[in-house]
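Structural overview for review
The chain contents come next:
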Amino acid sequence: MFMTQLSGLLKRISEKEEFAIEDAGRLLAQSFMSEGSIYMKGFSEMAAIETEAVFGAEVLSSVKRWTEDTQLTEADRVLIATRFSDDPDAVHLAKKLAAEGIPFAAIASKKAEAGIDETADVFIDLRLTKGLLPDDDGGRTGFPSSIAGLYVYFLMKMTIEEIIAEYEEG
């Protein structure tokens with residue numbers, strides 16, 4: 001049952017966020033054309049995305065982890081990933097990047113309150129606001145935000161690689 005619900009979630013993301021994922025890939029690929037870096041910051045369980053990007057089997061060459069000490073340039077781009085769009089730490093980073101004029105994309109599930117979805121140059125909504133399965137207590141369980149985030153990351157990564165290949169050919 002979980003697999004069925006998870007497959008449905010990933011399909012919804014693929015269908016509903018296709019253009020945002022492509023736009024995010026283009027935004028992040030700009031760093032390669034201008035000899036900048038892509039910085040990743042994943043909050044809480046979404047740190048899995050930055051770990052995959054930096055240490056995974058197929059890393060992009062100029063991807064780095066964002067830290068408080070990171071000195072960004074106008075050539076750099078940032079990807080923020082968090083569970084919900086109203087995460088205070090993510091919103092704080094988003095406002096800082098916007099104030100510095102650093103373009104960034106964000107991955108999160110949109111909440112009703114304004115958050116990083118309002119500040120990001122490109123926002124990808126994971127559309128995951130509750131667990132996928134009902135539990136015995138009337139609630140929901142199975143909240144695969146990191147799986148959904150990694151799925152989006154890989155789609156963006158493939159877009160970035162296609163753009164870089166075209167750039168290097170041309």
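Scroll up a little and you will see the structure.
A brief structural summary. The shown structure was predicted, so the numbers you read here are calculated from the model rather than taken from an experiment. (Residues numbered from 1 in each chain as written. Predicted model: local features only at pLDDT ≥ 70, side-chain atom pairs only at ≥ 80, totals over all residues. Heavy atoms only, no water.)

Brief notes about the sheet that holds strand β4 (residues 104–109)
Spatially, the five strands line up as an open sheet ordered β2-β1-β3-β4-β5, and their pairing is parallel. Here the strands that pair on one side only, and so sit at the sheet edges, are β2 (63–65) and β5 (122–125). Taken over all neighbouring pairs, the strand axes of this sheet differ in orientation by 20 degrees on average, direction set aside. Relative to β4, strand β3 (residues 77–84) runs parallel, the two sharing five bridges. From the neighbouring strand, Leu79 faces β4, where its bridge partner is Ala105. (Pairing = 2+ DSSP bridges. Helix = DSSP H or I, 4+ residues; strand = E, 2+ residues; numbered from the N terminus. Axes fitted to C-alpha atoms, helices over the stretch in contact; angles between N-to-C directions.)

So, the packing of aromatic side chains
In total, this model carries two aromatic pairs according to the counting rule given. With 5.8 Å between their ring centres and 65 degrees between their planes, Phe84 and Phe143 make a pair best called edge-to-face. In this pair, Phe84 is assigned in strand β3 and Phe143 in the loop between β7 (140–141) and α6 (145–169), connecting sequence segments 59 residues apart. Ring geometry for Tyr153 and Phe154: centres 5.3 Å apart, planes at 65 degrees, overall edge-to-face. The ring of Phe43 carries Lys41 above its face, with NZ or CZ at 5.1 Å from the centroid. Over the aromatic face of Phe84 sits the side chain of Lys111, whose NZ or CZ is 4.1 Å from the ring centroid. (Phe/Tyr/Trp six-rings, centres within 6.5 Å; stacked < 30°, edge-to-face > 60°. Lys NZ or Arg CZ within 6 Å of the ring centre and 35° of its normal.)

Examining helix α4 (residues 88–100)
Here α4 is 13 residues long and its end C-alpha atoms lie 18 Å apart, about the 18 Å a rise of 1.5 Å per residue gives. Backbone nitrogen of Asp89 and a side-chain oxygen of the N-cap are separated by 2.8 Å at the start of α4; the cap is Asp87. Downstream of α4 by a residue or two, Gly101 has a phi angle that is positive, lying close to 75 degrees. (Expected span 1.5 Å × (residues − 1). Polar contact = N/O pair within 3.5 Å; in protein donor to acceptor, adjacent residues only side chain to side chain.)

Side note on the packing of helix α1 (residues 2–16) against α6
Between α1 and α6, the least distance of the axes is 11 Å, while the angle of their chain directions is 40 degrees. As judged from the angle between their axes, α1 and α6 are oblique. As α1 runs across α6, the sense of the crossing is right-handed. For the pair α1 and α6, the contacting residues are Leu6, Leu9, Leu10, Ile13 and Ser14 in the first and Ile147, Ala148, Tyr151 and Val152 in the second. Considered class by class, the residues forming the contact of α1 with α6 number eight nonpolar, one polar and no charged. (Parallel < 35°, antiparallel > 145°, perpendicular 65-115°, else oblique. Left-handed = near helix turned anticlockwise from the far one by under 90°. Contact = heavy atoms within 4.5 Å. Nonpolar A, V, L, I, M, F, W, Y, C, P; charged D, E, K, R; others polar.)

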